[in-house]
Amino acid sequence: MPLSPQDTPKQPTSSLSAKDVSISINLIANIAMFTFSTETKPEEEITIEMETPQASFSKSESKEFKAETRKLLDIVAKSIYTDKEVFLRELLSNCSDALEKHRFDLTRGNSAVSGSSEDDLHISILTNSKERTITIFDSGVGMSREEVVENLGTIAKSGSQAFVEKMNEGEGNGDVSDSIIGQFGVGFYSSFVVSDHVQVLTKQEGKQGVRWVSDGCGAYEVSNADNLDFERGTRITLKLLPESREFSTDGLVEKTIKKFS
Ligand code: ADP
Ligand code: MG
């Protein structure tokens, strides 16, 4: 079912009253400092929007996932997945890769990123238990619209590809999903183990921003995003399934990250 921008859950319109907890820990492979923050105020009604209030989006284009991706998503969504936390490892590993790619551009003297430095390389996580969301941002390379479609619409990628191969091998014995998901990760798509509404906002330095939204059921929507509140990077927000709501609290997320670090 295609999602329209109005379906998108919202971020706190007022963060002033929100409780802010910040810790910094060393990220996997020392790539960046981690900022972790939580915004919760249980007694207060909070309206959430995943996009920044000033951001605007072009008319979105609806696209179908490729057949193999649909198959994978179907299995992911149906799995009673025991290591749900794997989604965090996968998303954070993508963040690390994105920061690493930016760092590489810098060392290569890529003129498109000449204005930036290594100082602004970071990953941050924001949880909102009231709205049951977790948002992960990295100031890495970001993606162009073509890359978004290519990278998030197909599964030509390592972990997910291996997963599908295994899945095809195991077809017929009905015992494929859980152990194999755990083994391979399934990359970005593991988001749909814990969420049925994923939004990606992404932007390369000096380029047009892009928004990608999907419920993981066959289709996704892509649009141009203007006036994002970051110059470069990727922000992924997951509206968590009720049974995965524990990932919208700082305690578990912090514990999980430490486990992966
Ligand atoms: P893999 O990491 O094995 O390539 P994933 O499914 O985890 O597979 O990610 C697919 C692709 O999407 C990545 O290879 C990368 O090109 C792109 N991608 C995912 N997350 C990000 C991100 N935070 N920043 C930039 N690109 C990303
Ligand atoms: Mg990955």
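The rules behind the values
Residues numbered from 1 in each chain as written. Chains lettered and ligands numbered in written order. Predicted model: local features only at pLDDT ≥ 70, side-chain atom pairs only at ≥ 80, totals over all residues. Heavy atoms only, no water. Phe/Tyr/Trp six-rings, centres within 6.5 Å; stacked < 30°, edge-to-face > 60°. Helix = DSSP H or I, 4+ residues; strand = E, 2+ residues; numbered from the N terminus. Buried < 20%, exposed > 50% of the residue type's maximum accessible area, 1.4 Å probe, protein only. Lys NZ or Arg CZ within 6 Å of the ring centre and 35° of its normal. Expected span 1.5 Å × (residues − 1). Arc of directions from axis to C-beta. pLDDT = per-residue confidence, 0-100. Contact = heavy atoms within 4.5 Å.

### So, the packing of aromatic side chains
Summed over the entire model, instances satisfying the criterion amount to eight aromatic pairs. Between the aromatic rings of Phe137 and Phe230, the centroid separation amounts to 5.0 Å while the plane-to-plane angle is 65°, which identifies the pairing as edge-to-face. Here Phe137 is found in strand 7 (residues 133-138), whereas its partner Phe230 is found in the loop between strand 10 (219-226) and strand 11 (233-240), with 93 residues between them in sequence. Here the aromatic rings of Phe188 and Tyr189 are separated by 5.8 Å at their centres, their planes lie at 70°, and the arrangement is edge-to-face. The class of Phe188 is buried, set by a relative accessible area of 7%. Connected via pairs of aromatic rings, a cluster forms that spans Phe65, Phe188, Tyr189, Trp212 and Tyr220. Here the guanidinium or amino end of Arg211 rests over the ring plane of Phe57, the centre of that ring lying 4.5 Å away.

### Some details on helix 1 (residues 67-78)
An α-helical segment advances 3.6 residues per turn. Residues three or four places apart therefore align on the same side. With 12 residues, helix 1 extends 17 Å from end C-alpha to end C-alpha; this agrees with the ideal 16 Å at 1.5 Å per step. Among the residues of helix 1, those classed as buried are Thr69, Leu72, Leu73 and Val76. Buried residues of helix 1 fall within an arc of 100° about the axis and therefore sit on the same side. Turned more than 90 degrees from where helix 1 packs its buried face, Ala67 and Lys78 sit exposed.

### Brief notes about the confidence of the model for the protein chain
With 66% of its residues at a pLDDT of at least 70, the protein chain reaches an overall mean of 75. Residue range residues 1-33 is modelled with pLDDT below 50. Its contacts to residues more than four positions away, or to other chains, number 87 contacts. Here residues 38-49 is modelled with pLDDT under 50, and outside its nearest four sequence neighbours on either side it reaches 42 contacts, counting other chains as well.

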